[in-house]
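Chain by chain, the residues:
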Amino acid sequence: MTSHQTTQTMKPATAAKKLGVYLEATPAEFQEGVVSRTELNALQTDPPQWLQELRLNGPHPRPVVAAKLGVSIAGLARGGVTDALTTEQIDALKQDNPEWLQKERATQAEVRKEAVRIKEKSAEEPKDKRS
């Protein structure tokens, strides 16, 4: 019996998410087709010019914008940022450093600090239970 392996494919939106790019900014042939796992791997290992350009200058999807600004996606929404932004727009926001961005960065720092505290606490608990 021979096994016939089917090619695993994904929608362009899924591929764009995995590549960390804004789907609407990708070429039409990317948006209209399907992407195989092999094609995705090739795009990641040897990105074409359009992908390099998108990753460098954007527009970037909200998860990337949030990471570049050091805030959560919800923090972006609270700050009124609902669209994709270019690297230039992100840099301008960092430069202006509006009050909402300062507040959201502080909130994110607290969240990270709390996550570390919880992780450290849970790492200590098994030791205490063995004693």
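See the structure printed just above.
No experiment lies behind these values; they were computed from the predicted model shown.

Enquirer: Go over the layout of surface pockets, please, and point to the residues and values.
Expert: Reported here for the largest pocket is a volume of approximately 180 Å³. Lining the largest pocket are Ala13, Ala16, Lys17, Gly20, Val21, Tyr22, Leu23, Pro61, Pro63 and Val64. Every element with two or more residues in the lining of the largest pocket is listed here: α1 (12-19) and α5 (62-69). Among the elements that line the lining of the largest pocket, the one with the most residues is α1, at three residues. Within the lining of the largest pocket, the residues separate by chemical class into eight nonpolar, one polar and one charged.

Enquirer: Please set out the environment of tryptophan 100 residue by residue, giving values where relevant.
Expert: Relative to the elements of secondary structure, tryptophan 100 occurs in helix α8 (residues 99-130). With 83 residues separating them along the chain, tryptophan 100 and lysine 17 place their C-alpha atoms 26 Å apart. In this view, tryptophan 100 contacts Gly75, Leu76, Gly79, Val81 and Leu93; residues no more than four positions away in its chain are not counted.

Enquirer: Tell me about the pattern of salt bridges, residues and numbers included.
Expert: For the coordinates displayed, the defined rule picks out three salt bridges. The salt bridge partner of glutamate 104 is arginine 78, with a shortest N-O separation of 2.9 Å. Note that glutamate 104 is positioned in helix α8 and arginine 78 in helix α6 (residues 73-78), a separation of 26 residues in sequence. Of the residues examined, glutamate 104 reaches a relative accessible area of 6% and is grouped as buried. Residue classification places arginine 78 among the exposed residues on the basis of a relative accessible area of 55%. Close ionic contact of glutamate 110 with lysine 113 constitutes a salt bridge, the shortest N to O distance being 3.5 Å. Residue glutamate 110 and its partner lysine 113 are both found in helix α8; the two are separated by three residues, about one turn of the helix. Residue glutamate 110 is classed as partly exposed on the basis of its relative accessible area of 48%. A relative accessible area of 55% places lysine 113 in the exposed class.

What counts as what
Residues numbered from 1 in each chain as written. Predicted model: local features only at pLDDT ≥ 70, side-chain atom pairs only at ≥ 80, totals over all residues. Heavy atoms only, no water. 1 Å grid on protein atoms, 1.4 Å probe; cavity = no way out; pocket = protein on both sides within 12 Å on 5 of 7 lines; lining within 4 Å. Points joined across faces, edges and corners; volume = space filled by probe spheres on them. Helix = DSSP H or I, 4+ residues; strand = E, 2+ residues; numbered from the N terminus. Nonpolar A, V, L, I, M, F, W, Y, C, P; charged D, E, K, R; others polar. Contact = heavy atoms within 4.5 Å. Salt bridge = Lys/Arg side-chain N within 4 Å of Asp/Glu carboxyl O. Buried < 20%, exposed > 50% of the residue type's maximum accessible area, 1.4 Å probe, protein only.

The analysis is restricted to geometry; functional conclusions fall outside its scope.
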